[in-house]
Amino acid sequence: MHFQLGKVKQPNYILYLQERIYESGCNQRYAREMRVESRIRYQGYSSMPEYPKGVSSDEEKNMQESETKALFSVIGMTCSACAGSVEKAIKRLPGIKEVAVDVLKDRTQEETIRQTIEDIGFKATLIEETANEKCIWVCRIRIVGMACTSCSGAVESVLKLVPGVQRAQVALATGEAEVKCDHKLLSCKELLQAIDDIGFEAIIVGTGESRNKIQLKVDGLCNENNVQMIVSSLEGQPGIQDIQVEAELHKVSISYLADVTGPRNFIRVIESTGSGQFKATIFPERGGRGTHKQEEIIQHYNSLLWSLVFSIPVFLTSMIFMYIPVLKDGLDMKIVNMLSIGEVLRWALSTPVQFIIGRRFYAGSYKALRNGSPNMDVLVALGTNAAYFYSVYSVLRAASSPNFKSTDFFETSSMLISFILLGKYLEVLAKGKTCQAITKLMDLAPETAILLTLDDEGNVTKEEEIESQLIQKNDVIKIIPGAKVACDGFVIRGESNVNESMITGEPRPVIKRKGDAVIGGTFNENGVLHIRATKVGSESALSQIVRLVESAQMAKAPVQKFADRISKFFVPLVVFLSFSTWLAWFLAGKLNAYPKSLIPSSMDSFQLALQFGISVMVIACPCALGLATPTAVMVGTGVGASQGVLIKGGQALESAHKVECIVFDKTGTLTIGKPMVVETRLLKSMALREFYEMVAAVEVNSEHPLAKAIVEYAKKFREEEESNVWPEVKQFESITGQGVMAVVRNREVIVGNKRLMLKKNVAIPVSAENFLEETEGFAQTGILVSIDHELVGVVAISDPVKPAAQEVISILTSMQIKSILVTGDNWGTAHAVAKEVGIGTVIAEAKPEVKAEKVKDLQALNFVVAMVGDGINDSPALVAADIGMAIGAGTDIAIEAADIVLMKSNLEDVITAIDLSRYTFRRICLNYIWALAYNLIAIPVAAGALFPSTGICLPPWVAGAAMAASSLTVVCCSLLLKNYRRPKKLDALELQGLTVE
């Protein structure tokens, strides 16, 4: 059972309850104070029994200004009748506002209720609820050292095993992990330690705490006393939630409530502390995505450069100089026995490449083998070590023998490492371009803004240029022509055209006037705007879009599981094939199974077999398989974001291409979403102004679009009045899917549809029925109005169909996608709209749960279903559908529930989303075909399949170059997605002027 105590001062009131319980002879354990959590509310205590002695008048006043909640366990309830008797008894207590008794859970709430429950024959025990609410947050971690899907899979598996982690995703393409966990059970350090334990370096990129968090650099922090001074000064400020100080970095991190305070307040407090000895500024950001990528590129470039410095001379001495007589004679000069100068030179030059420049492969192999997930590093380390140490053996034997002529493979190990580093460098360059969508979004935010100070009359008294990170809520910011909008807000003065294409994808500038909302990062073309900040920092639309795209690029597409399954046995299989290749060729040579003339003059059968074995080991490429999906998903989601289609992850991107049926909501989806009153039919003699006064007074309390249309229309009858305060209403009630009702000026007013009127026994005359049929025939909605149970009027509301709706449905039909209309509106209006746009299947007067059920019914028929909607009532269906698409102008709840957000609110973007999904999935399939075909063809060739018939064999360094090229090819293939263009039919619609802003 649930209840809530309203307007009491908890401690003294609990004492009063304890006295009552003691007086009734109950045990003290039943009078324990407990944590609040319920649904019964007390609205003051004018009729309560006397307060306990010692309660002052001020305390009585405080008791009437707060609310409390509590929890009870009720023993003895066996049926709904028992629950009803308990509920009725509690409702009789003074000030109770709401009661809910659950006979299945046997739970109730608060101290006063216990005695009442026992008075009616049940035993109630007040229980203390354990505070086990979870504090869920998301932690983003950059992971250094992952080479292929085996590495990312190992990290992901380890993170999932950490207690408190709910979900962990590791993206190889971005080198980052996203972990959803319970902050009460573990900290970031534990996550970093778990990753470090398996041999990878981990760096925190961001956490769930980063929202409404600012980092300041404070000059002057010299000792612990300074730290305490600053912390003490900040703790006294309202709205500050947490303070963390890293004195060695001169860094102060502050978590705060953006509605209460902001970073400029913190800087002012810090600089006024300690006689002005401290200076505070925004802490310079380091280690951002762009910085990290640049550092990674430089690191790979330096490794490649040094590798080539040593490898090129090795290659020249073994492959080129041997054909130049003078140089050949010099290199063949003997030092000790059969050991030549050329061999010593190649040994000396290849050793730094093998053990210093190539140490990354040893480290990667160690980590992979320790985690039981061998990767590409293992193959490279085995291949290069086999070549290098055989060469060392050959050289040492030549030095100790006067007859042994050695053949070394030093050029194989060094050139192999160089080519792999070249491939990695080019791959990092290409992968960096896959993240350009996020980089471009982040670059939209301006670095500075012009802050205005206004006097009481709204006149500007001061202009100041500040860093955009220092903007606080309710600040007034000046946007000059040619400047970017610094934050989300609304215009309070001025008029200008604003280009929002970088956020919404809409190419045409939007005119902004007083009261219009603006988005941070958009471009002010002409005119000066004064805007009031509403959302700043991480709460801004731009920051939310960046987070959404980042999360989308982290999420794995289901098809990625194919590569994950292959990667588990790929490397062990390649090692087995490599050993088998060497053994087969070695035995064939010993048994004279092939002509000796096939063996190159510089080799024997053992060396030929070793070359084939090494080539097999290094030509196999698990990286191409691992990169096939994530790189395509990264580019695809970035392309979608640039066109105003935000796709929440790889699963949504992949699933959208399978859609066979789309369920459309009507209002705001197929229609413009701005209903207007087009006709009023009064059935009784009364003034139209009076009629709308009564109706608007009720509808102003509703959030429904039709209600807003009525209120907006009613304002026209009082244009001469500055105030839009409507008559006071009492007993307001909203009936979902039917309408609203309330008491206005002591008269009961009901506004709603036909079902509501019949439910309230309001007679509907024939004239009203005829008018309803007429409005429905014109795709309008008829709203009935009853006053004191007598129908007095009908309001006809029209919501025009979007211009492109009919063409969009036609294009979807040509794509073999079925369209269905499901709406809460009446059947007549629904059929009229459906007929206009070309939809054959209609379900009208559907409540939110009915919409969700219809989606499930279609799924039961093996349809892959997409739902397109914009309202709160669409959220259940958006969640139930395989793909939920939310109109960007819709409610936050709908957008949160959806898998794809159409930022421009254009219906044709439904087609763009599906077409982009199909295009991306085809690219993923192409990547997999290339990666698999490469390995299926390259491994047999490297194993010498063509050697007996053609004499063609791949030296190991050539095999390594081929392996590096395969990964690069997959990444470049994904990058071609950036050339995506939406269907030409949609461009034709835009040229015809059928799109809606």
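The model shown is predicted, which means the values in this text are computed figures rather than measured ones. (Residues numbered from 1 in each chain as written. Predicted model: local features only at pLDDT ≥ 70, side-chain atom pairs only at ≥ 80, totals over all residues. Heavy atoms only, no water.)

Peer 1: Any chance you could explain unusual backbone geometry here in plain terms?
Peer 2: With the exception of glycine, the majority of residues adopt a negative phi angle, and the majority of peptide bonds are in the trans configuration. The phi dihedral of Asn 592 is positive, around 55°, even though this residue is not glycine. Examined against the element boundaries, Asn 592 turns out to sit in the loop between α18 (560-590) and α19 (605-619). With a phi close to 50°, Asp 788 is a non-glycine residue in the positive phi region. (Helix = DSSP H or I, 4+ residues; strand = E, 2+ residues; numbered from the N terminus.)

Peer 1: Hey, could you run me through the pattern of salt bridges in this one?
Peer 2: Pairs may arise between side chains of opposite charge once their charged atoms sit close together. By the definition in use, this model includes 18 salt bridges. Its salt-bridge partner being Glu 178, residue Arg 167 comes within 3.7 Å of it at the nearest N-O pair. Taken together, the residues span a long stretch of sequence, with Arg 167 in strand β7 (residues 165-171) and Glu 178 in strand β8 (residues 176-182) at a distance of 11 residues. For Arg 745, the salt bridge identified is with Glu 693, shortest N-O distance 3.7 Å. Placement of Arg 745 in the loop between β29 (739-744) and β30 (747-752) and of Glu 693 in helix α23 (residues 688-699) is noted, with a sequence separation of 52 residues between them. Each of Arg 140, Arg 167, Glu 176 and Glu 178 takes part in salt bridges that share partners, so that together they form one network. (Salt bridge = Lys/Arg side-chain N within 4 Å of Asp/Glu carboxyl O.)

Peer 1: I tried to follow a nonpolar patch on the surface on my own but got confused; where do I start?
Peer 2: Taken together, the side chains of Met 333, Ile 335, Val 336, Ile 341 and Val 344 present a nonpolar region at the surface, about 390 Å² in accessible area. When residues of the nonpolar patch are traced back to their parent elements, those giving at least two are β14 (334-336) and α11 (341-357). As for its placement among the helices and strands, Met 333 is situated in the loop between α10 (325-331) and β14. (Patch = residues over 30% accessible without salt bridge, like charges linked within 9 Å, V, L, I, M, F, W, Y side chains within 5 Å. Areas by Shrake-Rupley, 256 points an atom, 1.4 Å probe, with all protein chains shown as cover.)

Peer 1: I keep staring at the sheet that holds strand β13 (residues 279-282) and nothing clicks. Help me out?
Peer 2: Strand pairing in a sheet is mediated by backbone hydrogen bonds. Such pairs are either parallel or antiparallel. Taken together, 4 strands build an open sheet; the order of strands is β11-β12-β10-β13 and the sheet is antiparallel. Of all strands in the sheet, those bounded by a partner on one side alone are β11 (240-246) and β13. Direction aside, the axes of adjacent strands within the sheet are offset by 25° on average. Bridging between β11 and strand β12 (residues 251-256) involves 6 bridges; their strand directions are antiparallel. For Glu 246, the partnering residue across the bridge sits in β12 and is Lys 251. On top of the sheet, helix α8 (residues 263-271) reaches β10 (213-219), β11, β12 and β13; it is set at about 25° to β10, its chief contact. (Pairing = 2+ DSSP bridges. Axes fitted to C-alpha atoms, helices over the stretch in contact; angles between N-to-C directions. Contact = heavy atoms within 4.5 Å.)

Peer 1: Help me out: how do you make sense of the packing of helix α20 (residues 622-642) against helix α32 (residues 909-942) in this one?
Peer 2: Each pair of packed helices can be described by the angle between their axes along with the distance between the axes. Contact geometry of α20 with α32 gives a least axis separation of 9 Å together with a crossing angle of 160°. One way to sum up the angle between α20 and α32 is to call them roughly antiparallel. Crossing of α20 over α32 shows right-handed handedness. Here Ala 624, Leu 625, Ala 628, Thr 629, Thr 631, Ala 632, Val 633, Gly 636, Val 639 and Gly 640 of α20 lie close against α32, whose contacting residues are Leu 916, Thr 920, Ile 924, Asn 927, Tyr 928, Ala 931 and Leu 932. Each residue belonging to the contact of α20 with α32 can be placed in one class, and the counts come to 11 nonpolar, 6 polar and no charged. (Parallel < 35°, antiparallel > 145°, perpendicular 65-115°, else oblique. Left-handed = near helix turned anticlockwise from the far one by under 90°. Nonpolar A, V, L, I, M, F, W, Y, C, P; charged D, E, K, R; others polar.)

Peer 1: Help me understand the side chain of Ser 318 in this model?
Peer 2: Summarising the element assignment, Ser 318 is placed in helix α9 (residues 289-320). A distance of 3.0 Å separates a polar side-chain atom of Ser 318 from the backbone oxygen of Val 314. Ignoring any residue separated from it by four or fewer positions in sequence, one finds Ser 318 in contact with Arg 346 and Glu 411. (Polar contact = N/O pair within 3.5 Å; in protein donor to acceptor, adjacent residues only side chain to side chain.)

Peer 1: I keep staring at the sheet that holds strand β17 (residues 460-467) and nothing clicks. Help me out?
Peer 2: Pairing within the open sheet is antiparallel, and its 6 strands lie in the order β17-β16-β18-β24-β19-β22. Looking at which strands have only one partner, the edges of the open sheet turn out to be β17 and β22 (517-518).

Peer 1: Looking at this structure, how should I read the environment of Leu 756?
Peer 2: Counting through the fold element by element, Leu 756 comes out in helix α25 (residues 754-759). Judged by its relative accessible area of 0%, Leu 756 falls in the buried class. Ignoring sequence-local partners within four residues, the contact set of Leu 756 consists of Ile 735, Gln 738, Gly 739, Val 740, Ile 750 and Val 751. (Buried < 20%, exposed > 50% of the residue type's maximum accessible area, 1.4 Å probe, protein only.)

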